[in-house]
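# Examination of the molecular architecture
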Amino acid sequence: MKEYTHQLRRGESPIKIELFVDDYMLHDDIILPLWKEFTDALKQYQKFEYRENHGIKLFTIDDIELHSEVMDMLAPALQTSSMEGLLLGGNVGSDVLSFAEGIIQSNPHLKRFGWRNNQIPSVNVQRFCKSIKKSVSNSFKCLALINCFDGDNLEMMQTVLDASHQLEALNLHDNGIGSEGVHFIANFLTCSPSLKSLYLKDNRLNNDDVTLLASALQSSTNLRHLYLKDNNDITAVGRQALLESVFNVSSLNACADSNHKYRIHGLTPDISKINKYIKSSLNRTMKIFTMLSATDESFFNENCLGDLSYKLIPDVLTLAHHFTQRSPKLSEAYFEQTGQTSADWDKLDEDTVPITSMFELLRGWAVPSLS
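Here goes a summary of the coordinates provided. (Residues numbered from 1 in each chain as written. Predicted model: local features only at pLDDT ≥ 70, side-chain atom pairs only at ≥ 80, totals over all residues. Heavy atoms only, no water.)

On to the side chain of Asn91. Topologically, Asn91 is positioned in the loop between β3 (83–89) and α4 (96–106). Judged by its relative accessible area of 2%, Asn91 is buried. Polar contacts involving the side chain of Asn91 include one to the main-chain carbonyl oxygen of Ile64, which spans 2.9 Å. Within the structure, Asn91 has its side chain in polar contact with the backbone nitrogen of Gly89 (distance 3.0 Å). (Helix = DSSP H or I, 4+ residues; strand = E, 2+ residues; numbered from the N terminus. Buried < 20%, exposed > 50% of the residue type's maximum accessible area, 1.4 Å probe, protein only. Polar contact = N/O pair within 3.5 Å; in protein donor to acceptor, adjacent residues only side chain to side chain.)

Glancing now at the packing of aromatic side chains. Under the definition given, this model contains 6 aromatic pairs. The interplanar angle of 40 degrees and the centroid separation of 6.0 Å between the aromatic rings of Phe38 and Phe59 together place this pair among those described as tilted. Placement of Phe38 in helix α2 (residues 32–52) and of Phe59 in strand β2 (residues 56–64) is noted, with a sequence separation of 21 residues between them. The exposure class of Phe38 is buried, given its relative accessible area of 0%. Taken together through their ring pairs, the aromatic side chains of Trp35, Phe38 and Phe59 make up a single cluster. (Phe/Tyr/Trp six-rings, centres within 6.5 Å; stacked < 30°, edge-to-face > 60°.)

Right, let's talk about the sheet that holds strand β5 (residues 142–146) for a bit. Ordered by their spatial adjacency, 9 strands build an open sheet running β1-β2-β3-β4-β5-β6-β7-β8-β9, and the pairing between neighbours is parallel. Because the sheet does not close on itself, it has two edges, and the strands there are β1 (16–25) and β9 (263–265). Strand after strand, the sheet turns through a mean of 5 degrees between neighbouring axes, direction not considered. Both strand β8 (residues 225–227) and β9 contribute to a ladder of 3 bridges, which runs parallel. (Pairing = 2+ DSSP bridges. Axes fitted to C-alpha atoms, helices over the stretch in contact; angles between N-to-C directions.)

For the rest of this paragraph, the subject is the side chain of Asn259. Inspection of the secondary structure puts Asn259 in the loop between α10 (252–256) and β9. Setting aside its immediate chain neighbours within four residues, Asn259 contacts Leu217, Gln218, Ser220, Ser245, Val246, Asn275 and Lys287. (Contact = heavy atoms within 4.5 Å.)

What follows concerns the pattern of salt bridges. Counting across every chain of the model gives 7 salt bridges. As a salt-bridge pair, Glu84 and Lys57 come within 3.1 Å of each other at their nearest N and O atoms. Placement of the pair is Glu84 in strand β3 and Lys57 in strand β2, with a sequence separation of 27 residues. Looking at Glu84, the relative accessible area reads 22%, which means it is partly exposed. (Salt bridge = Lys/Arg side-chain N within 4 Å of Asp/Glu carboxyl O.)

This part is about a negative patch on the surface. On the surface, a cluster of negative charge is made up of Asp28, Asp29, Glu69, Asp72 and Asp95. With respect to the helices, strands and loops of the structure, Asp28 is situated in the loop between β1 and α2. (Patch = residues over 30% accessible without salt bridge, like charges linked within 9 Å, V, L, I, M, F, W, Y side chains within 5 Å. Areas by Shrake-Rupley, 256 points an atom, 1.4 Å probe, with all protein chains shown as cover. Lys, Arg positive; Asp, Glu negative; His and termini not counted. Charge placed at Lys NZ, Arg CZ, Asp CG, Glu CD.)

The contact between helix α5 (residues 122–133) and helix α6 (residues 154–162) brings their axes to 9 Å, and the two run at 5 degrees. Viewed along their axes, α5 and α6 adopt a mutual orientation that is roughly parallel. Residue-level contacts link Ser122, Val125, Gln126, Cys129 and Lys133 of α5 to Met156, Thr159, Val160 and Asp162 of α6. Its residues assigned to classes, the contact of α5 with α6 comprises 4 nonpolar, 3 polar and 2 charged. (Parallel < 35°, antiparallel > 145°, perpendicular 65-115°, else oblique. Nonpolar A, V, L, I, M, F, W, Y, C, P; charged D, E, K, R; others polar.)

Following this line, the structure appears as structure tokens:
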């Protein structure tokens, strides 16, 4: 705290201010003068930050009891400071929630807020979520609620999701979310156009739960990242359902209709490289090319082309022209779903397209008669 106080008074720009201890620290009046010096320095720093256009990226208070006197000192400074993020963790006390709500509703610069290891009583969830909705910051986009509420309490889950429709990132890590809560999340995904990242790590999701999520994500238009690490009841069955939502190899049409935007993180084996490109159109084209080239007999898998119109021949040739390298991660996903062998994998792991690929395609493709 002393180090940060000196930095702030000199007008330096600490990217992060992290006040935490290795073990939980109870309040002691002996450190009140330190809190006062630090708070005064925060207020003084605002004069520098506006002039130099520098703000605090993240302000963290973790595993430190926040006494009412400390919050009374901090609140005015944090309600006006141009900090982008605030994280409060393990700060036991009934008034801490009101302290957080005041900052969320008053600070116009706040973009991210995290609440960790602070249990929110069910009677206070609705009040807290109202403060999220009433945030004065037009740029408030990220909310983390980690180990702080019962994820299978339907009323609590619905309240949290109702307050999250304007968000771009929602972190619900370690809230005991199971089958009950997942139904609300699946519905939320189908009607939340702004959400780009969803964190569901360390919950109680099983195969049926992620299958439901995979179905909902077929129609999700903006989600980019889904984090599922440490949901230990997800087996190969659930992983397969998620994989098919991003890369369905049953046909070229099914592949084209897959979700080409979101990536799945935290499952073993890892499939986070699927949809690795920013442009979903590139992900779609890469998958189609992988299907077309997945054969050990010739460069093109003509089984995929049986019912393809001759009018699309130029598009197929364009694929061959542009994709001179194959994607091992996409190929791995293809083999996993089709059950092909390691010899096929070795075939696909080559770096270059054979020069004769065009000839092989045109020679083997039975084009319908124009007559």
